[in-house]
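Observations on the three-dimensional arrangement
What follows is each chain in one-letter form.
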Amino acid sequence: MANVVVVGAQWGDEGKGKIVDWLSERADVICRFQGGHNAGHTLVIGNTVFKLHALPSGVVRGGKLSVIGNGVVLDPWHLVKEIETVRGQGVEITPETLMIAENTPLILPLHGELDRAREEAASKGTKIGTTGRGIGPAYEDKVGRRAIRVADLADAATLEARVDRALQHHDPLRRGLGMEKVDRDSLVAQLREIAPEILKYAAPVWKVLNERKRMGQRILFEGAQGALLDIDFGTYPFVTSSNVIAGQAATGTGIGPGSVDFVLGIVKAYTTRVGEGPFPTELFDADGDRLGERGHEFGTTTGRKRRCGWFDAVLVRQTCATSGVNGIALTKLDVLDGFAELKICTGYELDGEVLDYLPTAADQQARCTPVYETMPGWSESTAGARSWADLPGEAIKYVRRIEELIQCPVALLSTSPERDDTILVTDPFAD
């Protein structure tokens, strides 16, 4: 059976939630493999809207195993609240339907405090645009070998030793930022209180996934954010704190790279970004406002207004390469209905030279100006289309031109937030 990795191929907010939910109906296991609760997935099922941040999208589907992998950093208090919220919407969540990797690092209150203090202290132009939820500092502790992991919650002595080690780093750091020391005893007490709620879901995820693979079950790996926010291949330093590209699905769950059969890149029919950083095709005119209004471009997690611009084929071609994308799911095509003409970025002009990729150096990225190709728009509606025959001719031409420019075929086409308003071209789960 095929195993599928779903990654965002832009700056996030591409509509991964709907696509993962659509695919999860045919999967047996759905895994989150990176990120934290700074990402948000919105699922619309019937008349119910689910807004998920830490939970895998598969939790809303009965009979599936949902997994939070070790590549995630987990806020245990947020997770418990999110579970309660989803249960209130009629979804059953039990240790049989949700599993958390024992080696998953935890986000502590001190991480969020540090995150916000740093952002407030940053001068204009150096702010990252973090959500302030402690994701970055939690990953720093993981790499610094001072993280508290899910398994540490099971033993009181180990937990206290881990807390002491973390505070050896954090207290001096907080002092330098003018912050008070962490109340060590209070933190330990908080962790002991939440421990039973987390430990009941803890398991050796790497072992379970490999067993499920041998059983022939289909595994769907769900990424958060987008590849342009990848810590290595994104628009550094305006990136997230983890690897977002498809290769992280293996290290973030322990299943091994040979287990991935298909990589599906989620791509919006235009481009958006939340927070700071370069954005070559960003629009500051009526077209940009129209994209934002029609696309309801506000962050699921933060509510922040997203920056909007024309489709950037250069960046998507780049992310398709770094993630080894086999096919894309093109979303929000209906937002472009009614535009007289559309533009696609086909290259960048930098110091008199035209580039077919985004350079690595931040100063060069800031100086890149887009080279556009203009295409006619369409007046007909594409909203709710479920076959190519339902699409206007100019919309089909737009999709085909995107395929040519990014050098990757369209596997799925989404024409509304509704799960069934999807045109299937290539089945990612095909054997």
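Let me sum up the structure you'll find in this document. Here the structure is a predicted model, which means the values were calculated and not measured.

1. Brief notes about the pairing of strand β4 (residues 48-52)
For strand β3 (residues 41-45) and β4, the ladder comprises five bridges, and the chain directions are antiparallel. Bridge pairing in β4 links V44 to V49.

2. Some details on the sheet that holds strand β18 (residues 422-424)
The sheet built from ten strands is open, its strands ordered β7-β6-β5-β2-β8-β1-β9-β13-β17-β18 with mixed pairing. The outermost strands of the open sheet, each flanked by one partner alone, are β7 (202-203) and β18. Two elements, strand β9 (residues 262-268) and strand β13 (residues 327-331), share five bridges in a ladder whose sense is parallel. Within β13, the position partnered with G265 by the bridge is I328.

3. What to know about the nonpolar core
By size, the foremost hydrophobic cluster in this structure holds 54 residues, and its most contacted members are F311, I328, L333 and Y398. If one sorts the elements of this core by residue count, helix α12 (residues 393-406) sits on top with six residues. In contact with Y398, not counting residues within four places along its chain, are A269, F311, L333, L336, L342, I344, M375 and W378. Membership of the second largest hydrophobic core comes to 35 residues, among which are L52, L79, I148 and L167.

4. Quick look at the layout of surface pockets
The volume enclosed by the second largest pocket comes to roughly 250 Å³. Together, 14 residues line the second largest pocket, and D232, F233, G234, Q318 and T360 are the ones closest to its centre. Broken down by element, the lining of the second largest pocket gets its largest block of residues, three residues, from helix α10 (residues 313-322). Per-class residue counts for the lining of the second largest pocket are seven nonpolar, six polar and one charged.

5. Concerning the pairing of strand β14 (residues 341-350)
Of the pairings in the sheet, the one linking strand β12 (residues 311-312) to β14 comprises two bridges and is parallel in character. Following the sheet pairing, D312 is matched in β14 by C345. Note: β14 against strand β16 (residues 369-376), eight bridges, orientation antiparallel. Bridging across to β16, G347 finds its partner in V371. When β14 meets strand β15 (residues 353-355), the two strands line up antiparallel, connected through three bridges. Within β15, the residue paired with Y348 across the bridge is L355. Counting the residues that bridge the hairpin from β14 to β15 gives two residues, and of these D351 lies at a positive phi of roughly 50°.

6. With respect to the packing of aromatic side chains
The tally for this structure, following the rule as stated, stands at three aromatic pairs. Plain terms: the ring middles of W310 and F339 are 5.9 Å apart, the flat faces sit at 75° to each other, and that makes the pair edge-to-face. Separated by 29 residues along the polypeptide, W310 in the loop between β11 (307-309) and β12 and F339 in the loop between β13 and β14 bring together distant segments of the chain. Neither residue differs from the other here; W310 and F339 are each classed as buried. The ring of F339 has R290 sitting right over it, with the charged end atom 4.2 Å from the ring centre. Between the NZ or CZ atom of R400 and the centre of the ring of W388, over which it lies, the distance is 4.6 Å.

7. Considerations on the environment of W310
Judged by relative accessible area, W310 falls into the buried class, the value being 5%. Between the alpha carbons of W310 and T235 there is a distance of 18 Å; along the sequence they are 75 residues apart. Setting aside chain neighbours within four positions, we find W310 in contact with Y270, T271, T281, L283, D287, F339, E341, L342, K343 and Y372.

8. Details of the packing of helix α5 (residues 156-176) against helix α6 (residues 184-199)
Relative to each other, α5 and α6 sit at 135°, their axes nearing to 10 Å. The angle between α5 and α6 places the two elements in the oblique class. α6 is crossed by α5, and the crossing has right-handed handedness. Contact residues: A156, L159, E160, V163, D164 and L167 in α5; R184, L187, V188, L191 and R192 in α6. Across the contact of α5 with α6, the residue classes break down as seven nonpolar, no polar and four charged.

Procedures and definitions
- Residues numbered from 1 in each chain as written.
- Predicted model: local features only at pLDDT ≥ 70, side-chain atom pairs only at ≥ 80, totals over all residues.
- Heavy atoms only, no water.
- Pairing = 2+ DSSP bridges.
- Helix = DSSP H or I, 4+ residues; strand = E, 2+ residues; numbered from the N terminus.
- Core = buried A, V, L, I, M, F, W, Y, C linked by side-chain atoms within 4.5 Å.
- Buried < 20%, exposed > 50% of the residue type's maximum accessible area, 1.4 Å probe, protein only.
- Contact = heavy atoms within 4.5 Å.
- 1 Å grid on protein atoms, 1.4 Å probe; cavity = no way out; pocket = protein on both sides within 12 Å on 5 of 7 lines; lining within 4 Å.
- Points joined across faces, edges and corners; volume = space filled by probe spheres on them.
- Nonpolar A, V, L, I, M, F, W, Y, C, P; charged D, E, K, R; others polar.
- Phe/Tyr/Trp six-rings, centres within 6.5 Å; stacked < 30°, edge-to-face > 60°.
- Lys NZ or Arg CZ within 6 Å of the ring centre and 35° of its normal.
- Axes fitted to C-alpha atoms, helices over the stretch in contact; angles between N-to-C directions.
- Parallel < 35°, antiparallel > 145°, perpendicular 65-115°, else oblique.
- Left-handed = near helix turned anticlockwise from the far one by under 90°.

Don't take any of this as a statement about function, it's just geometry.
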